[in-house]
Amino acid sequence: MIQSKAIDILRGLSRKEFLQFGKYLDSAAFVSNRNLSKLYRFIKPYHPALYSEKITKENIYRSVYVNSGFNDAKTRKLLSDIYKEAEKFIVIMNTLSHKEIYDKTLLEEFDKRKLDSMFNSKYEEYNAYLDKSEKTYSYFLEKYQTEWKNVMFYLERGMQHKIALNIYKRSEYLIFLFLSDLFITLNDIESNKQKFNIGSSINLAEAFISCLNDKKLFE
């Protein structure tokens, strides 16, 4: 059995993901190296453990190059290539399963491709989706980043007048994002002090908050 990042990443796939990865490798739309499908079929019976004395460099090579003498460089290239494809597969699956990543990617692409009406429609749709979620740190982060994309969209087109009020919104999201993360951080600092007796001679978070007029701030 060999030690390889390729084996490790494939072992980390669930059975469902591993089977989907096989279909991914068979798709010419994504993968041009047909040898990877052969390598996948050799490994498939041993998933998910992928612990077997049969998984050797020599057997991996023979599963692809049947009537050829062993070539270590080609074997390492096969393992490297299937590792890179597994990385891409994980990113694709993650993007498809998380609306935040999916929609932000579409916003960027619509902007880049000058598909203005599609950008505006997706911007409205994504904001409506976010506004249904809890108003936590991640909410303010997503709203802030999305508003930045919207502002830049109009700035690049010389249409600043259309987003004059949106700049105020962006500043609001930034303030709430900062405050929510700051107070989470202060709580974490206090927890570390109490649980692990860990502190720092420099504590900018507490120094910063001590300079604020909190009564006025929250009013």
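Above: the structure in question.
Our subject in this report is the structure included herewith. (Residues numbered from 1 in each chain as written. Predicted model: local features only at pLDDT ≥ 70, side-chain atom pairs only at ≥ 80, totals over all residues. Heavy atoms only, no water.)

Bringing the pattern of salt bridges into the picture now. All chains considered together, the criterion is met by 20 salt bridges. In this structure, Glu-125 engages Lys-122 in a salt bridge whose closest nitrogen and oxygen atoms are separated by 3.1 Å. In this pair, Glu-125 and Lys-122 both sit in helix 7 (residues 116-131), 3 residues apart, roughly one turn of the helix. A relative accessible area of 36% means that Glu-125 is categorised as partly exposed. Note that Lys-193 is salt-bridged to Glu-206, the shortest N-O span being 3.5 Å. In this pair, Lys-193 is assigned in helix 9 (residues 166-196) and Glu-206 in helix 10 (residues 204-210), connecting sequence segments 13 residues apart. (Salt bridge = Lys/Arg side-chain N within 4 Å of Asp/Glu carboxyl O. Helix = DSSP H or I, 4+ residues; strand = E, 2+ residues; numbered from the N terminus. Buried < 20%, exposed > 50% of the residue type's maximum accessible area, 1.4 Å probe, protein only.)

Our focus in this paragraph is the nonpolar core. Of all hydrophobic cores here, the largest spans 26 residues; its most connected members are Leu-10, Phe-21, Leu-25, Leu-39, Ile-43, Ile-60 and Ile-82. Looking at this core, the elements with two or more residues in it are helix 1 (5-11), helix 2 (15-26), helix 3 (35-43), helix 4 (57-64) and helix 5 (72-97). Here this core takes 6 residues from helix 5, the largest share from any one element. Counting residues in each nonpolar core, the second largest holds 15 residues, with Tyr-126, Phe-140, Val-151 and Tyr-154 among its members. (Core = buried A, V, L, I, M, F, W, Y, C linked by side-chain atoms within 4.5 Å.)

By the element assignment, Ala-86 lies in helix 5. With 65 residues separating them along the chain, Ala-86 and Phe-21 place their C-alpha atoms 7.4 Å apart. Beyond its immediate stretch of four places on either side in the chain, Ala-86 contacts Ile-9, Leu-10 and Phe-21. (Contact = heavy atoms within 4.5 Å.)

As far as function goes, none of this settles anything; it's purely spatial.
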